[in-house]
Amino acid sequence: DAKTTQPTSMDCAEGRAANLPCNHSTISGNEYVYWYRQIHSQGPQYIIHGLKNNETNEMASLIITEDRKSSTLILPHATLRDTAVYYCIPTGRTGSARQLTFGSGTQLTVLP
Amino acid sequence: EADIYQTPRYLVIGTGKKITLECSQTMGHDKMYWYQQDPGMELHLIHYSYGVNSTEKGDLSSESTVSRIRTEHFPLTLESARPSHTSQYLCASSELGPGGYYNEQFFGPGTRLTVL
């Protein structure tokens, strides 16, 4: 699995966009980029994933650079409930169905 | 919302006791997982299963054991609990999609275990 680098922590004002970066320069061609978040003391929650195209769903947008070496998760209008640890996880999806390897993630704190 | 349940949510128990942490999902997912997470630390995969009668050890060595007799049920057992087993245990499941790959994992709320 590719190694990832994420900021340890970030702050964001409520109502503003939160942009969470992730470097995954060793990502292989068949690895998708998954994003999960974990609100304190709860189980992780899936947010979004992508391969090379930008993706958007009801929770967030995912921007992947053309060389696929980095990506940015965007929460367009952060709320206090978005305070959580956010994990960027490159992983394959086929064959042996690779497991998720959670790193240390980014602690996002949304400030009122 | 994902339908994956864990019981108990909290458990405080004495050293040497046998315990079983329950995990059930009603989504018909074939793949299930157990993760361990110490407070403020990373999640680590300790067990997973591809389906009935299939169990594998994960990345982190664990003294626990698992079984998968039914698709929806994936219990984790500690034969003799020790203080070093104090941690949060998270169960998850995922579905094999039509393209032959596993979709996103759905997590349960976790069991916080304290061994005195």
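This text goes with the structure placed above it.
If you're wondering where the values come from, they're calculated on a predicted model, not measured in any experiment.

Conventions we followed
Residues numbered from 1 in each chain as written. Chains lettered and ligands numbered in written order. Predicted model: local features only at pLDDT ≥ 70, side-chain atom pairs only at ≥ 80, totals over all residues. Heavy atoms only, no water. Helix = DSSP H or I, 4+ residues; strand = E, 2+ residues; numbered from the N terminus. Rg over C-alpha atoms; globule rule 2.2 N^0.38 Å. Buried < 20%, exposed > 50% of the residue type's maximum accessible area, 1.4 Å probe, protein only. Contact = heavy atoms within 4.5 Å. Areas by Shrake-Rupley, 256 points an atom, 1.4 Å probe, with all protein chains shown as cover. Lys, Arg positive; Asp, Glu negative; His and termini not counted. Charge placed at Lys NZ, Arg CZ, Asp CG, Glu CD. Buried area = accessible area lost by both parts, 1.4 Å probe. Salt bridge = Lys/Arg side-chain N within 4 Å of Asp/Glu carboxyl O. Pairing = 2+ DSSP bridges. Axes fitted to C-alpha atoms, helices over the stretch in contact; angles between N-to-C directions.

Caption draft 1: Quick look at the overall build of chain B. On a plain count of helices and strands, chain B comes out with zero helices and 11 strands. Over its C-alpha trace chain B gives a radius of gyration of 14 Å, about what one expects of a compact globule, namely 13 Å for 116 residues. C-alpha extents for chain B along the principal axes are approximately 45 × 30 × 25 Å. The buried share of chain B, taken over its 116 residues, is 47%. Long-range pairs, those at least 24 residues apart, make up 54% of the contacts in chain B with a sequence separation of at least 6. When the accessible surface of chain B is split by element, carbon and sulfur atoms take 52% of a total near 5,600 Å². Each charge class in chain B can be summarised by its mean position, and for the 9 positive and 13 negative side chains these summaries are 9 Å apart.

Caption draft 2: Expanded view of the interface of chain B and chain A. With 22 residues of chain B at the interface, the matching set in chain A holds 19 residues. At the boundary of chain B with chain A, total buried surface from both sides reaches about 1,600 Å², with 49% on carbon and sulfur atoms. Three residues, Leu43(B), Tyr101(B) and Glu104(B), lead the burial of chain B against chain A; their summed loss comes to 28% of the area buried on that side. Inspection of the chain B/chain A interface yields zero salt bridges.

Caption draft 3: Looking closely at the sheet that holds strand β8 (residues 84-92) of chain A. All names here are of chain A. With mixed pairing, five strands are arranged side by side in an open sheet as β1-β9-β8-β3-β4. Every other strand in the sheet has two partners, leaving β1 (9-13) and β4 (45-50) as the edge strands with one partner each. Adjacent strand axes in the sheet meet at a mean angle of 25° when their direction is disregarded.

Caption draft 4: Geometry of the pattern of salt bridges. Residues and elements named next belong to chain B. Inspection of every chain in the model, using the stated rule, returns four salt bridges over all chains. Between Lys-18 and Glu-79 there is a salt bridge, and its shortest N-O distance comes to 3.9 Å. Of this pair, Lys-18 sits in the loop between β2 (10-13) and β3 (19-25) while Glu-79 sits in the loop between β8 (76-78) and β9 (87-94), placing them 61 residues apart in sequence. With a shortest N-O distance of 3.0 Å, Arg-70 and Glu-72 are connected by a salt bridge.

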